[in-house]
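Results of the structural survey
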Amino acid sequence: KSTVLASQSDYLLAHCQMPVLNPSDLQELRDIGIHGLAMSRFAGNWTGLICLTDLMDSSGIVDLELPTVVMPPDDYRGDALNRMQKLSTRTTLEPLVKDVRLPRVWDYARANGSDKFAFGSPNARVGFVTTGKAYQDLRQVLAIAGDDVANDVAVYKVGMPWPLDVEELAKF
């Protein structure tokens, strides 16, 4: 444990313009960790990973086969993408982050299906957008509710809550 006090780093990571990945189970923790490294190299950003106690203190079986990593087309021609920005001011870094790095984060996330329609009917009356452990909790609630309720809902699973890909979410 890093602290005995409850804490949440999501807002700090977003403030630092770091993509945040939120796994829902142990298999996803492993797979998203690999994608986080690949995304970091492709986009030139550090990448944050949400680690909840319920997930980190659990045990289970994971498939050790490496997940498929799809690299999007790379049309960036600058030299500052993965170079350490020493003694740069915020005004120097901000255009690089907002105009180059974050769009590359979205390109990587789209190419690898970070956010996706998880299950349900395309004609559902109710839709849920969820991320991380809340996704597993929602699946459990829907399993308890039974098929009558589950058939009337659609679920969209967000793997990268920041920066949220609103274009993909709008398709839901």
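Right above here is the structure, for reference.
Let me begin by describing the structure that accompanies this report.

Calculation rules
- Residues numbered from 1 in each chain as written.
- Predicted model: local features only at pLDDT ≥ 70, side-chain atom pairs only at ≥ 80, totals over all residues.
- Heavy atoms only, no water.
- Phe/Tyr/Trp six-rings, centres within 6.5 Å; stacked < 30°, edge-to-face > 60°.
- Helix = DSSP H or I, 4+ residues; strand = E, 2+ residues; numbered from the N terminus.
- Buried < 20%, exposed > 50% of the residue type's maximum accessible area, 1.4 Å probe, protein only.
- Axes fitted to C-alpha atoms, helices over the stretch in contact; angles between N-to-C directions.
- Parallel < 35°, antiparallel > 145°, perpendicular 65-115°, else oblique.
- Left-handed = near helix turned anticlockwise from the far one by under 90°.
- Contact = heavy atoms within 4.5 Å.
- Nonpolar A, V, L, I, M, F, W, Y, C, P; charged D, E, K, R; others polar.

**Focus on the packing of aromatic side chains**
As enumerated under the stated definition, the model contains four aromatic pairs in all. Geometrically, the ring pair formed by Phe-42 and Tyr-108 is tilted, given 6.4 Å between the ring centres and 40° between the ring planes. Of this pair, Phe-42 sits in helix α2 (residues 26–43) while Tyr-108 sits in helix α4 (residues 90–111), placing them 66 residues apart in sequence. When its relative accessible area of 6% is taken as the criterion, Phe-42 is described as buried. An aromatic cluster is built from Phe-117, Tyr-156 and Phe-172, whose rings are joined through pairwise contacts.

**So, the packing of α2 against α4**
Close contact between α2 and α4 brings their axes to 9 Å; oriented N to C, the two are set at 140°. Considering the angle they form, α2 stands oblique to α4. The hand of the α2/α4 crossing is right-handed. Two secondary-structure elements touch here, α2 through His-35, Ala-38, Met-39, Phe-42 and Ala-43 and α4 through Arg-101, Arg-104, Val-105, Asp-107 and Tyr-108. Residues belonging to the contact of α2 with α4 are distributed by class as follows: six nonpolar, one polar and three charged.

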